[in-house]
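# Structural characterization, general
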Amino acid sequence: MFEVREEIIKNAAVVANDWGLLRLDEGDTPETVAVPAGKAIVPLSVWKAQRDTLATRLPEIGVWLASDERPEELAADVQLLPVIAVDFPKFTDGRGYSIAFNLRARLAYTGELRAIGDVLRDQLFSMHRVGFDAYATRPDRNIHDALKGLSVFSETYQASWDQKSPLFRRHHREGQNPDLDNAAGI
């Protein structure tokens, strides 16, 4: 099945989507499934089975990872791919957060990192914190309403991909640095 969404959220804005998403139908095999022409995000299994052929189509090929797949399987190719997507089969499956963080922090992936599947407004802020910059939200939800999920909080406590220092390191408190306190007349 080749699915094309009209719009996605990318870089905190609703934009037109120019990528199709290939999912294997029953009876399809990674080795024999036909990848449609144009920009296509294919399952990791298809990328691995047809890598030599698909690599000739770069930068019009992206790869998506299921929540039970390891991002390290793409380590040799991570910088070649313009888009890597991570599938959330249900909103309660949080393994995709770890995959995204590992792609950004450990594999130094700098391209578009897209969340696909059961992606809801309530998840977007946390998804952004681990490195996602694009979101294909559930088609039965209003994408413009989902966009508000990126700005739900004004401050974060923990360090993560988007903020390298925790709040206690970023916020000056009286008594924290006596030299600065004295200079400020505190």
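Structural data are supplied above this passage.
Here's what I pulled together on the structure shown here.

Each value, and the rule that gives it
- Residues numbered from 1 in each chain as written.
- Predicted model: local features only at pLDDT ≥ 70, side-chain atom pairs only at ≥ 80, totals over all residues.
- Heavy atoms only, no water.
- Helix = DSSP H or I, 4+ residues; strand = E, 2+ residues; numbered from the N terminus.
- Buried < 20%, exposed > 50% of the residue type's maximum accessible area, 1.4 Å probe, protein only.
- Salt bridge = Lys/Arg side-chain N within 4 Å of Asp/Glu carboxyl O.
- Phe/Tyr/Trp six-rings, centres within 6.5 Å; stacked < 30°, edge-to-face > 60°.
- Lys NZ or Arg CZ within 6 Å of the ring centre and 35° of its normal.

## A look at unusual backbone geometry
- Cis geometry is found at the peptide bond from Leu 58 to Pro 59, where omega equals 10 degrees.
- Summarising the element assignment, Pro 59 is placed in the loop between helix H2 (51-55) and strand S6 (61-65).
- The backbone of Ala 12 shows a phi angle near 65 degrees, a positive value even though the residue is not glycine.
- Even without being a glycine, Ala 108 presents a positive backbone phi close to 55 degrees.
- Using a relative accessible area of 45% as the deciding quantity, one classes Ala 108 as partly exposed.

## So, the pattern of salt bridges
- Scanning all chains against the criterion turns up 16 salt bridges.
- Connected via shared salt-bridge partners are Glu 3, Arg 5, Arg 23 and Asp 87.

## Brief notes about the packing of aromatic side chains
- Following the criterion strictly, the structure yields two aromatic pairs and no others.
- Aromatic side chains Phe 88 and Tyr 97 sit 5.5 Å apart centroid to centroid with 75 degrees between the ring planes, which places their arrangement in the edge-to-face category.
- With relative accessibility at 1%, the residue Phe 88 sits in the buried group.
- With a centroid separation of 5.8 Å and an interplanar angle of 55 degrees, the aromatic rings of Phe 88 and Phe 132 are classed as tilted. Note that Phe 88 is positioned in strand S7 (residues 83-88) and Phe 132 in the loop between helix H4 (121-129) and strand S9 (134-135), a separation of 44 residues in sequence.
- What makes Phe 132 buried here is its relative accessible area of 1%.
- An aromatic cluster of at least three residues, connected via ring pairs, comprises Phe 88, Tyr 97 and Phe 132.
- If you follow Arg 23 out to its NZ or CZ, it ends over the ring of Trp 64, 4.9 Å from the centre.

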